[in-house]
Amino acid sequence: MSKPKPLQILTANHLTRGDVIYWSGHKWSNDPASALLFCSEERAKEALNQVPHAIAVGPYLAPAEAIDGKARPLHFREIFRSLGPSNYRHGKQQEARHV
Amino acid sequence: MYNYTDFDRAFVGQRNHQFRAQIARRISGALTEDEFKPLRLMNGVYLQLHAYMLRVAIPYGTLNSAQMRKLAEIADRWDKGYGHFTTRQNIQFNWPALTDIPDMLDALAEVGMHAIQTSGNCVRNVTADHFAGAAADEIADPRPTAELLRQWSTDHPEFAFLGRKFKLAVSGSTVDRAVLQAHDVGLQIVRQGNERGYRVLVGGGLGRTPMLGKLLRAFLPEADLLPYVESILQVFNTLGRRDNKYKARIKFAVHEHGINAIRKQVEARFSQQRHTFAGNDRQVYRRIKADFAPPVFKDAPLDTYEAERRNNPVFRAFTDTNLTPHHAAGYTLVTVSLKAHGQTPGDASAVQMRLLADLAQQYGHDELRISHEQNVILPHVHKSDLPALFARLRHAGLATANVGLASDMIACPGMDYCALATARSIPIAQQIARRLQTREREVGPLKIKISGCINACGHHHLGHIGILGLEKSGKESYQITLGGDAGNSAAIGERMGPGFAYDQIIPAVDRLIDAYLELRATAEESFLQAYRRLGSAPFKRALYPETRLAAELCHAL
């Protein structure tokens, strides 16, 4: 039996701020948990071509999983992107403090 | 220090104005990312993992206090209060907004700095020996040569779109501190009789296919510098591959065609165009050279310095590791380590930058240097001022006495910042430094260099211990190379075997250090000397104690 394909999320960097953003289904969001999870590869690729690109640089699909209904990236590179650097609490960790 | 002319100021101002307009067109949507990317790269702007990054050139690693203060101001005003000094004498700001970058560049221009050609397929920031103009072993200050090359290569229309990036380094000493053999062109100032000139190396580079530079010319008269280097670039532009970016650096042309064929072509081109330079380049060189006149050194008694060394063991430890002989009596070079144990190698906070600027102004003839080893140097400090200077460094957490020791590591930003990285470098460096802190003086001179991907910005190939972070089966994996060196006996390190997982790499380095301490012939035999004497086998056994590989090696012995 073949291994089921992972879910996917759509991510990019913000045009002016450069920070990591995720497609939530109706807008780009800073919050990885709000990322829309695509079950089908076909739908994901379709979304990649259709989402508004004006503020999103280099959008691409990344494998993810659903934890309590929220998206969580699977690959360590994507996990680091969703968290920020490990040497300072900058980036996403800093943003989280202000939420 | 080189002083910007009206032409320089107008050129940088115009370039900033042009780039400001390009950014505006990108934001408005008039330029696509594909159209904008080569423009931003030519101006030092990358889009990294978490944000844009602005890479600012510190030509030949030289700064004055006003420039260092400006870097601090930029860090505070537009970034997150710090900057990262790189292995090519640049500083990187990791968090600018694209919309702020034009203002950052204008601020830099106020003190004669810019980010032009710190990226892209062009001639990059020209680097030099970080002890330039001060070291006791220097034949001549390499910075006038580096500045001449910078002016010649900046916005040079023929070399603005090379097949790949092109890196030049210059040294004025018999001791190679500029990693000449790992550059596309390495220039070493030498003497032949009474004449001064250059020993020219070509075709060095690290990355996925590391190669050491080969001798192109044993002696190039000083006056022939620009026509000769231009000839090298022209041959590269003709022979260099453009069909495969992984084989486009000049090192591949040298490898594929052979050094003799390259030399023949360069010499032929040189003889054709030498006369076209007509001496204007020499006039410019003479003007530049006058800007680099040494400061007026003072004479003062050394009693306080010697007394402090006798009475203060912490000061003595600092002076044992962080000083380098100066050519002027009573003076020393002071290396300020940016490698406090557990900190990010090469990072300096705005507060630290301001302090370094103050110290340079007060005790160092207003000069600073940045090394490719990611430290800051005060190149002209009189030893009588050292106790006071040391006290202020210590107060700011900048008096770590570890220069040349295990914790004085080179580490690239790795996957904490870099979009190209395949694994993290910084936390590995932090953990190794903490782990080895208590015994690094016992271990002695040791160069550990860490890269977070095969592009080798962390110079791992040249580390006595090199660590390369890769991805393996969806996880970070770290390969170890041993026996590399960046100096006069430059060598590419030998890969030891399978990689180590993130949580296994620190114990592996620990085992290597244990093995070295057990194997060394005397306490004076360095890690590299022991490795060269013994070969890799005992170190492989230490790295892979329970594997078949180790068993086979033991059996073979």
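Residues numbered from 1 in each chain as written. Chains lettered and ligands numbered in written order. Predicted model: local features only at pLDDT ≥ 70, side-chain atom pairs only at ≥ 80, totals over all residues. Heavy atoms only, no water.

## Thoughts on the overall build of chain A
Heads up, the rule is: Every helix listed is a DSSP run of H or I at least four residues long, and every strand listed is a run of E at least two residues long, numbered separately from the N terminus. Values of the radius of gyration come from C-alpha atoms, whereas the globule rule sets the reference at 2.2 Å times the count of residues to the power 0.38. Burial classes follow relative accessibility: with a 1.4 Å probe on protein chains only, a residue under 20% of its type's maximum area counts as buried, one over 50% as exposed, and anything between as partly exposed. Contacts: residue pairs with any heavy atoms within 4.5 Å of one another.
Helix and strand counts for chain A stand at 3 helices and 5 strands. In chain A, the succession of α and β elements from N to C terminus is β-β-β-α-β-β-α-α. For a compact globule of 99 residues, the expected C-alpha radius of gyration is about 13 Å, and chain A comes in at 13 Å, within 12% of that figure. If you line up chain A on its principal axes, its C-alpha atoms span 45 × 30 × 20 Å. Put simply, chain A has 99 residues, and 46% of those count as buried. At a minimum sequence separation of 6, the contacts of chain A that also span at least 24 residues come to 54%.

## Regarding the sheet that holds strand β7 (residues 168–171) of chain B
All names here are of chain B. Threshold: Strands are labelled as partners when DSSP assigns at least two bridges between them. Angles shown run from 0 to 180 degrees and are taken between the N-to-C directions of axes, each axis being a line fitted to C-alpha atoms and, for helices, limited to the stretch in contact.
In spatial order, the strands read β6-β7-β8-β9-β10; together these 5 strands make up an open sheet with mixed pairing. Single-partner strands in this sheet number two, and they are β6 (127–128) and β10 (214–221). Strand direction decides the pairing type here: strand β8 (residues 185–192) and strand β9 (residues 195–202), joined by 8 bridges, are antiparallel. Within the sheet, the bridge partner assigned to glutamine 192 lies in β9 and is glutamate 195. Sheet strands touched by helix α5 (residues 143–153): β7, β8 and β9. Its angle to β7, the strand with the most contacts, is close to 160°. Its contacts with the sheet put helix α6 (residues 225–239) on β7, β8, β9 and β10, and the angle it makes with β10 is roughly 155°.

## Topic: the nonpolar core
When a protein is soluble and globular, its nonpolar side chains tend to lie buried together. Residue and element names in this part refer to chain B. Going by this rule: To qualify as a nonpolar core, a set must consist of buried Ala, Val, Leu, Ile, Met, Phe, Trp, Tyr and Cys residues joined through side-chain atoms within 4.5 Å. For each domain, the first and last residues come from an automatic or database assignment.
Counting 60 residues, the largest nonpolar core has Met68 and Ile101 as the members making the most contacts within it. Residue contributions to this core peak at 8 residues, all from helix α12 (residues 350–363). Inspection of this core shows a minimum of three residues originating in each of domain 1 (6–109) and domain 3 (303–395). If we ignore the near neighbours within four places in the chain, the residues touching isoleucine 101 are Phe19, Ile23, Val45, Tyr52, Leu54 and Pro96.

## Concerning the packing of aromatic side chains
The geometry of two aromatic rings is summed up by the distance between their centres and the angle between their planes. Counted only if it meets this: Paired rings are identified among Phe, Tyr and Trp, the last through its six-membered ring, by centres lying within 6.5 Å, and are further divided according to the angle between planes into stacked (under 30 degrees), edge-to-face (over 60) and tilted (the rest).
Evaluation of the coordinates by the stated rule reveals 19 aromatic pairs over all chains. Between the aromatic rings of tyrosine 88 of chain A and tyrosine 82 of chain B, the centroid separation amounts to 4.6 Å while the plane-to-plane angle is 45°, which identifies the pairing as tilted. Separated into two different chains, tyrosine 88 of chain A in the loop between α2 (76–83) and α3 (92–98) and tyrosine 82 of chain B in strand β4 (residues 82–85) make up a pair that spans both. On the accessibility criterion, tyrosine 88 of chain A (23% relative accessible area) is partly exposed. Tyrosine 82 of chain B sits in the buried class, given a relative accessible area of 5%. Ring geometry for tyrosine 478 of chain B against tyrosine 502 of chain B: centres 6.3 Å apart, planes inclined by 50°, an arrangement best described as tilted. In this pair, tyrosine 478 of chain B sits in strand β19 (residues 475–482) while tyrosine 502 of chain B sits in the loop between β21 (500–501) and α16 (505–519), placing the two residues 24 residues apart along the sequence. When its relative accessible area of 0% is taken as the criterion, tyrosine 478 of chain B is described as buried. Put simply, the rings of Tyr305, Phe315, Phe318 and Phe390 of chain B pair up and form one aromatic cluster.

## Here we look at the interface of chain B and chain A
Think of interface size as the accessible area that goes away when the parts come together; that is how it is often given. The following threshold applies: What gets called buried area is simply the loss in accessible area from a 1.4 Å probe that two parts show on being joined, summed for both. Think of a salt bridge as a Lys or Arg side-chain nitrogen and an Asp or Glu carboxyl oxygen that are within 4 Å of each other. For this analysis, a polar contact is any N or O atom pair within 3.5 Å, provided that within protein one partner can donate a hydrogen and the other can accept it, and provided that sequence-adjacent residues contribute only side-chain to side-chain pairs.
Residue-level contacts link 31 residues of chain B with 22 residues of chain A. Across the interface of chain B and chain A, roughly 2,200 Å² is buried in total on both sides, 59% from carbon and sulfur atoms. Per-residue buried area on chain B facing chain A is highest for Leu49, His50 and Met415 of chain B; these three make up 25% of the total on that side. Applying the counting rule to chain B against chain A returns 0 salt bridges. For the pair chain B and chain A, the interface holds 10 residue pairs in polar contact (both at pLDDT 80 or more). Those elements giving two or more residues to the side of chain B that touches chain A turn out to be α1 (6–28), α14 (426–436) and β19 of chain B.

## Things to note about the side chain of arginine 282 of chain B
Relative to the elements of secondary structure, arginine 282 of chain B occurs in helix α9 (residues 280–291). Apart from residues no more than four positions distant in its own chain, arginine 282 of chain B is found in contact with Leu148, Glu222 and Ala223 of chain B.

## Focus: the pattern of salt bridges
All names here are of chain B. Scanning all chains against the criterion turns up 38 salt bridges over all chains. Arginine 20 is the salt-bridge partner of aspartate 106, the closest N and O atoms lying 2.8 Å from each other. Of the two residues, aspartate 106 sits in helix α4 (residues 101–109) while arginine 20 sits in helix α1, which places them 86 residues apart along the sequence. Under the relative-accessibility criterion, aspartate 106 is labelled partly exposed at 31%.

## Some remarks on the environment of leucine 482 of chain B
Residues and elements named next belong to chain B. In this structure, leucine 482 sits in strand β19. The exposure class assigned to leucine 482 is buried, which follows from its relative accessible area of 0%. Distance in space between the C-alpha atoms of leucine 482 and histidine 460 is 9.3 Å, their sequence separation being 22 residues. In this structure leucine 482 touches His464, Ile465, Gly493, Glu494, Met496, Leu512, Phe527, Tyr531 and Phe539, once residues within four positions along its chain are discounted.

## Remarks on helix α11 (residues 313–322) of chain B
Residues and elements named next belong to chain B. Listed in full, the buried residues belonging to α11 are Phe315, Ala317, Phe318, Thr319, Thr321 and Asn322. Close packing links the buried residues of α11 with α10 (303–311), β11 (323–325), β12 (331–336), α13 (386–395) and α15 (440–443). For α11, the N-terminal cap is asparagine 312; the gap from its side-chain oxygen to the backbone nitrogen of valine 314 is 3.0 Å.

## Focus on the domain arrangement of chain B
All names here are of chain B. When the domains of chain B are assigned, the result is domain 1 (6–109), domain 2 (142–291), domain 3 (303–395) and domain 4 (410–556). Taking the mean C-alpha position of each, domain 1 and domain 3 sit 29 Å from one another. Taken together, the contacts link 22 residues of domain 1 with 22 residues of domain 3. Counting across the domain 1 and domain 3 interface gives 2 salt bridges. Of the charged contacts in the structure, one is a salt bridge between arginine 354 and aspartate 76, with a shortest N-O distance of 2.9 Å. Linking domain 1 with domain 3 are 13 residue pairs in polar contact (both at pLDDT 80 or more), by the criterion used here.

## Re the sheet that holds strand β3 (residues 28–29) of chain A
All names here are of chain A. With antiparallel pairing, 5 strands are arranged side by side in an open sheet as β3-β2-β1-β4-β5. Lying at the two open borders of the sheet, with one neighbouring strand each, are β3 and β5 (70–73). Pairing of strand β2 (residues 20–23) with β3, which is carried by 2 bridges, proceeds in the antiparallel orientation. Within β3, the position partnered with tyrosine 22 by the bridge is serine 29.

## Describing unusual backbone geometry
Residue and element names in this part refer to chain B. A positive phi angle is found at alanine 278, which is not glycine, with a value near 55°. In this structure, glutamine 374 is a non-glycine residue whose phi angle is positive, near 70°. The residue glutamine 374 is located in the loop between β14 (367–370) and β15 (376–382) in this model.

## Focus on the packing of α1 of chain B against helix α2 (residues 33–42) of chain B
All names here are of chain B. As a reminder of what qualifies: What sets the label is the angle itself: under 35 degrees gives roughly parallel, over 145 gives roughly antiparallel, 65 to 115 gives roughly perpendicular, and the rest give oblique. Handedness of each helix crossing follows the sense of rotation of the near helix against the far helix: counterclockwise by less than a right angle gives left-handed, clockwise gives right-handed.
At a minimum axis distance of 10 Å, the contact between α1 and α2 shows a crossing angle of 155°. Viewed along their axes, α1 and α2 adopt a mutual orientation that is roughly antiparallel. With respect to the hand of their crossing, α1 and α2 are arranged in left-handed fashion. Between α1 and α2, the contacting residues are Arg15, Phe19, Gln22, Ile23 and Arg26 on the first element and Glu33, Phe36, Leu39, Arg40 and Met42 on the second.

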